[in-house]
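Observations on the model geometry
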4 protein chains.
Amino acid sequence: MAASNLYAIIAGVGGGTGRSLALKFSAAYPTVFLLARSPESYDSIVKEIKASGRNAVGISTDVSSASSVSSALKAIAAETANKNLAAAVYNVGGKFVRKPFLELTEEEYSAGFEAGGRGFFNFAHGTLPLLLETAALKEAVPNPPSLLVTGATASLKGSALCSSFASGKFALRATTQSLAREFGPKGVHVAHAIIDGAIDTPRLKESGWKVNGGEEDGTIAPDAIADAYYWLHTQPRSAWTQEIDIRPFIEKW
Amino acid sequence: MAASNLYAIIAGVGGGTGRSLALKFSAAYPTVFLLARSPESYDSIVKEIKASGRNAVGISTDVSSASSVSSALKAIAAETANKNLAAAVYNVGGKFVRKPFLELTEEEYSAGFEAGGRGFFNFAHGTLPLLLETAALKEAVPNPPSLLVTGATASLKGSALCSSFASGKFALRATTQSLAREFGPKGVHVAHAIIDGAIDTPRLKESGWKVNGGEEDGTIAPDAIADAYYWLHTQPRSAWTQEIDIRPFIEKW
Amino acid sequence: MAASNLYAIIAGVGGGTGRSLALKFSAAYPTVFLLARSPESYDSIVKEIKASGRNAVGISTDVSSASSVSSALKAIAAETANKNLAAAVYNVGGKFVRKPFLELTEEEYSAGFEAGGRGFFNFAHGTLPLLLETAALKEAVPNPPSLLVTGATASLKGSALCSSFASGKFALRATTQSLAREFGPKGVHVAHAIIDGAIDTPRLKESGWKVNGGEEDGTIAPDAIADAYYWLHTQPRSAWTQEIDIRPFIEKW
Amino acid sequence: MAASNLYAIIAGVGGGTGRSLALKFSAAYPTVFLLARSPESYDSIVKEIKASGRNAVGISTDVSSASSVSSALKAIAAETANKNLAAAVYNVGGKFVRKPFLELTEEEYSAGFEAGGRGFFNFAHGTLPLLLETAALKEAVPNPPSLLVTGATASLKGSALCSSFASGKFALRATTQSLAREFGPKGVHVAHAIIDGAIDTPRLKESGWKVNGGEEDGTIAPDAIADAYYWLHTQPRSAWTQEIDIRPFIEKW
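Residues numbered from 1 in each chain as written. Chains lettered and ligands numbered in written order. Predicted model: local features only at pLDDT ≥ 70, side-chain atom pairs only at ≥ 80, totals over all residues. Heavy atoms only, no water.

Per an unreviewed UniProt entry, chain A goes by 7-alpha-hydroxysteroid dehydrogenase and derives from Pseudogymnoascus verrucosus.

Okay, structure coming up:
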């Protein structure tokens, strides 16, 4: 099967990493599907990709809702008869709540799990059957089908005031590990990236926050993150990486 | 304040660790409150403690429900005027679901978080204000107030077929770490125990399962777990342990 | 066998943790042997213990030398006919070298391993046969024989300028884990403590360094560390802890 | 500076990963220097690279000897006037000793540290000044200068009978982390790879050992490891990975 019959799905797109991921995977596969809560998150990326002669389809999706994910996958199925899913990327950040524990509502606390737990469950539940179909094609596809997941510093360590975000990211890492061990032997490469630093997004620039003293390359370039994910996707199955960390050179931790 | 004016709360009691915890803490403090879904989990323990001349109160509670936890705490408040909470123990196991990921329902997957995430949130939200009051008494209480939490092997590693349980246990550990860092400096000792092996419960005995070849002491004695929790409770604040592992001598991992 | 026929060995004594360990274990067992490079490290502790009516013997030992350790053990054997070793504690800090990597000599770099690697090899090689003899006595001894080891923050993380100390502490932890898995099933409890903060030693006091702003209990009390080691020693074999961390309540990491 | 003025050094070559690393880096840089104890380890690789029209120089080196490493670096300096070091790879396995702890000699135990500690110290001490010179060239070189290091499963966990190997690999990881934090901010990318499975080497094939039941791709392809190292070398400094794991798809751990 030529790469021309393959497509990718990116959940969680916006101005930063998601856009870079969309551009990177669309360079390899003719069509990418971009999932985000609202069109304003994907519209400009869809235009950018189409302007480059590739195809992109934005679908408004709330990953924490099983029916919303199900609808998105039906829409994707309708456009991909005889095509196969090469890579599914889960880059959903969720709402970042930072406040004293006793001021958190149950809903705020659970927001981390909505993104890192329930949302990923829905996404993985919907895409893994498609990735298994691709795995069955074996060498007929250029790269093993991949499920790639975005973690953070908080995936490894719970800090004060961050119980919501950390519990979601820990849950996401746990689920990713479980899936790597269940679906790896079936030919699906499941990998987790720890993004361990501030990402150089438009929003960060607007904020005026000088990360690492504003030093050049002191924030992580989203394109570099996308390159790393794509490289993981190309690893042969005899040598898969399950987890990488990514951080700017300037960090001393 | 004498120990006679202090009490403990144990959430998650039944035939094994919870019973041992209840007996251990009731030996130190005259009253313990035992939370479990149904009276059959705590009735015999309440009787056993009362027979020994101490006081125990069972309260049917669904920790994953904020209102149920709130009701339980109101009932406790009604019986503890002028008394202080010495230790709150979260020993809720939750439903253990082990099945292929694609056969899991969203509800089954989320069961892990209901116990390890939402349930602990409710319990910690309700007990931390009481523990802070005790912390304000400083040297007037014999031991720093403690919030002690039960983890498992799955707190550290997601295995195939165990995404529900592992995601809940990872989330629990994340939240515990966050709380340790927020409330430690305020005088509340938050600690997490990794129970890394099979526990010698009545249910295990009935099952006939020969753990570690049925070797003597090849399963973890619940009383020994309770001793460890109580010891953590007695640590002076200059030297707190945040995490311990507990496993039988026979394990080679 | 009564506790009166048991003894303990503490390697690495001085003004802080080692002294507390010596006092703690001598309270349980009538004789303790204290190993340090020079008499000035153990003389006052030996006097203090003897003044309390217990017995202590100081032996000048360089643990990084196999023959020096061998001599020490012969001296111990000469005084312990018909007695058994209850606990061996390895609390050797070694030389702490902190400097830019390119300024380190090979000898300075290897100093970490001399203490954490070679020194512990010699100590464990000499004491494990004695601990195995004690293990063979089973319930005739009050506690499982134990080999207890002092680690540090640098056991888990290599920081800039600390390659010597970190490589030694990592090697020590690796060896401890290997021994826990080999000798645990044979009845010897091997455990590792991560001392994760500054210890309140006479030397620290003299230095005038205000750890954690000089806050009360902001440094770790050596007696509390000794209590933790002794508690590990008393764990029943069905529920052994392999690693604990110890840090002051005020730490936020 | 064009790639034509850059070179690489690979320490630890032989039939497997080292050969693949040599071929991979020689494809990018015109000259590679190959260090191994004896010519039989590098002779055929040197021939193979020369046959492809690139340059390779084998140098018999015992990395655990400072003077041997120093001689090797002098020989390299003599051939690289006006050239710069692009990448230094430490792939030295050392002697793997697996035996009961009490049967280990001090020399056998220390063999792990000779390779993972002292050997790496000598190699890093000699190559980091050269890598810093390359870092000073900034964008004039195609990729940030890199120091890449081979770890193993035993870098993370000490198993029974493996104290020698594990202590060396732990020490290596500690040193690598220290260097990453000291030299990263100075522009040198220090990264560590956990090779978590059996490598498909000629020696493994000869042994007849059927890893993972002999399943296809059940052992790690050395070329895939080399690809991973080279990819790490190409990461831009805003997004460096400090540690990756590599394992066959079939592994369930």
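**Points about the relation of the copies chain B and chain A**
With an RMSD of 0.0 Å, the fit of chain B onto chain A corresponds to turning through 180° and sliding 0.0 Å along the axis. A rotation of that kind, with that shift, is consistent with a two-fold axis. In this assembly, 100% of the residues forming the interface of chain B have copies in chain A that are likewise at the interface, indicating an isologous arrangement. (Least-squares fit on C-alpha atoms with pLDDT ≥ 70 in both. Contact = heavy atoms within 4.5 Å.)

**Remarks on the pattern of salt bridges**
Counted according to the given criterion, the structure contains 48 salt bridges over all chains. Salt-bridge contacts for C:Lys99 lead to C:Glu108; the nearest nitrogen and oxygen are separated by 2.9 Å. With relative accessibility at 24%, the residue C:Lys99 sits in the partly exposed group. Residues D:Asp227 and D:Lys24 are paired through a salt bridge, measuring 3.0 Å at the closest nitrogen-oxygen approach. Of this pair, D:Asp227 sits in helix H7 (residues 222-234) while D:Lys24 sits in helix H1 (residues 17-28), and the two are 203 residues apart along the sequence. Classification of D:Lys24 by relative accessible area gives partly exposed; the value is 29%. One network of salt bridges, in which partners are shared, links A:Glu106, B:Glu114 and B:Arg118. (Salt bridge = Lys/Arg side-chain N within 4 Å of Asp/Glu carboxyl O. Buried < 20%, exposed > 50% of the residue type's maximum accessible area, 1.4 Å probe, protein only. Helix = DSSP H or I, 4+ residues; strand = E, 2+ residues; numbered from the N terminus.)

**Some thoughts on helix H4 (residues 106-135) of chain A**
Residues and elements named next belong to chain A. In this model H4 runs 40 Å from its N-terminal to its C-terminal C-alpha over 30 residues, within 8% of the 44 Å that 1.5 Å per residue would give. Roughly 45° is the biggest bend found in H4, and it falls at Glu114. The element H4 is extensively covered by neighbouring structure, given that 22 of its 30 residues are classed as buried. (Expected span 1.5 Å × (residues − 1). Bend = angle between axes of the 7 residues up to and from the residue.)

**Topic: the interface of chain C and chain B**
Much of the literature gives interface size as the accessible area that the parts lose upon coming together. Listed by partner, the interface residues are 30 residues for chain C and 30 residues for chain B. Summed over both sides, the interface between chain C and chain B buries roughly 2700 Å², with carbon and sulfur atoms accounting for 53% of that surface. It is C:Arg237, C:Ser238 and C:Phe249 that lose the most area in chain C upon contact with chain B, and together they represent 26% of the buried surface on that side. On inspection of chain C and its partner chain B, the count reaches four salt bridges. Ionic pairing is found between C:Arg237 and B:Glu216, a salt bridge with its closest N-O pair at 4.0 Å. On inspection of chain C and its partner chain B, the count reaches 14 residue pairs in polar contact (both at pLDDT 80 or more). Those elements that provide at least two residues to the side of chain C that touches chain B are helix H7 (222-234) and strand E7 (243-246) of chain C. Here the residues of the side of chain C that touches chain B sort into 15 nonpolar, five polar and 10 charged. (Buried area = accessible area lost by both parts, 1.4 Å probe. Polar contact = N/O pair within 3.5 Å; in protein donor to acceptor, adjacent residues only side chain to side chain. Nonpolar A, V, L, I, M, F, W, Y, C, P; charged D, E, K, R; others polar.)

**Some details on the packing of helix H1 (residues 17-28) of chain B against helix H2 (residues 39-51) of chain B**
All names here are of chain B. Where H1 meets H2, the axes come as close as 10 Å, and the angle between the chain directions of the two elements is 25°. In terms of axis orientation, H1 runs roughly parallel to H2. For H1 against H2, the interelement crossing comes out right-handed. When H1 is examined against H2, the residues Arg19, Ala22, Leu23 and Ser26 are found in contact with a partner set consisting of Ile45, Glu48 and Ile49. Looking at side-chain class alone, the contact of H1 with H2 contains four nonpolar, one polar and two charged residues. (Axes fitted to C-alpha atoms, helices over the stretch in contact; angles between N-to-C directions. Parallel < 35°, antiparallel > 145°, perpendicular 65-115°, else oblique. Left-handed = near helix turned anticlockwise from the far one by under 90°.)

**Some details on the side chain of B:Glu251**
Mapping B:Glu251 onto the fold places it in the segment after strand E7 (243-246). Although B:Glu251 lies buried, it forms no salt bridge, and the closest oppositely charged side chain, B:Arg247, sits 7.6 Å away as judged by the N-O distance. A distance of 3.3 Å separates polar atoms of two side chains, one belonging to B:Glu251 and the other to B:Asn212. If sequence neighbours within four positions are ignored, B:Glu251 has contacts with B:Gly197, B:Asn212 and C:Pro185. (Lys, Arg positive; Asp, Glu negative; His and termini not counted.)

**Focus on the pairing of strand E5 (residues 146-152) of chain D**
Residues and elements named next belong to chain D. Among the seven residues in E5, seven count as buried, and that is most of the element. Of the two faces of E5, the one lined by Ser146, Leu148, Thr150 and Ala152 and the one lined by Leu147, Val149 and Gly151 are each fully buried. Across four bridges, the pairing between strand E4 (residues 84-90) and E5 is parallel. Within the sheet, the bridge partner assigned to Tyr90 lies in E5 and is Val149. At this point the chain moves from E5, through helix H5 (residues 163-183), to the parallel strand E6 (residues 189-195), and the crossover so formed is right-handed. (Pairing = 2+ DSSP bridges. Right-handed = clockwise from strand over helix to strand, strands pointing away.)

**A word on the interface of chain B and chain A**
On the chain A side, the residues contacting the 41 residues of chain B number 41 residues. Summed over both sides, the interface between chain B and chain A buries roughly 3400 Å², with carbon and sulfur atoms accounting for 66% of that surface. At the boundary of chain B and chain A, one finds two salt bridges. The closest approach of N and O atoms between A:Arg118 and B:Glu106, which form a salt bridge, is 2.8 Å. Applying the counting rule to chain B against chain A returns 18 residue pairs in polar contact (both at pLDDT 80 or more). Per-element tally for the side of chain B that touches chain A: the top contributor is helix H5 (residues 163-183) of chain B, with 14 residues. Split into classes, the residues belonging to the side of chain B that touches chain A amount to 22 nonpolar, 12 polar and seven charged.

**Here we look at the packing of aromatic side chains**
Inspection of every chain in the model, using the stated rule, returns 46 aromatic pairs over all chains. Taken together, a centroid distance of 6.0 Å and an interplanar angle of 15° make the contact between A:Phe113 and B:Tyr109 stacked. In this pair, A:Phe113 sits in helix H4 while B:Tyr109 sits in helix H4 (residues 106-135), so the two residues belong to two different chains. The buried category is assigned to B:Tyr109, whose relative accessible area is 0%. (Phe/Tyr/Trp six-rings, centres within 6.5 Å; stacked < 30°, edge-to-face > 60°.)

**A short note on the environment of A:Asp62**
Residues and elements named next belong to chain A. Note on placement: Asp62 falls in the loop between strand E3 (55-60) and helix H3 (66-79). A relative accessible area of 24% places Asp62 in the partly exposed class. Distance from Asp62 to Ala115, taken between C-alpha atoms, is 9.5 Å for residues 53 residues apart in sequence. Contact partners of Asp62, with chain neighbours within four places excluded, come to Arg37, Ser68 and Val69. Within polar-contact distance, the side chain of Asp62 engages the side chain of Arg37 at 3.5 Å. Within polar-contact distance, the side chain of Asp62 engages the side chain of Ser64 at 2.7 Å.

**Considering unusual backbone geometry**
Its identity as a non-glycine residue notwithstanding, C:Lys138 has a phi of 50°, on the positive side. Here C:Lys138 lies in the loop between helix H4 (106-135) and strand E5 (146-152).

**Quick notes on the packing of H1(D) against H7(D)**
What describes two packed helices is the angle between their axes and the distance between those same axes. Residues and elements named next belong to chain D. Relative orientation of the contacting elements H1 and H7 amounts to 45°, with a least axis distance of 8 Å. One element, H1, and the other, H7, form an angle in the oblique class. Considering the relative orientation of H1 and H7, their crossing is right-handed. Along its contact with H1, which presents Thr17, Ser20, Leu21, Lys24, Phe25 and Ala28, the element H7 presents Pro222, Asp223, Ile225, Ala226, Asp227, Tyr229, Tyr230 and His233. Of the residues in the contact of H1 with H7, the class split is eight nonpolar, three polar and three charged.

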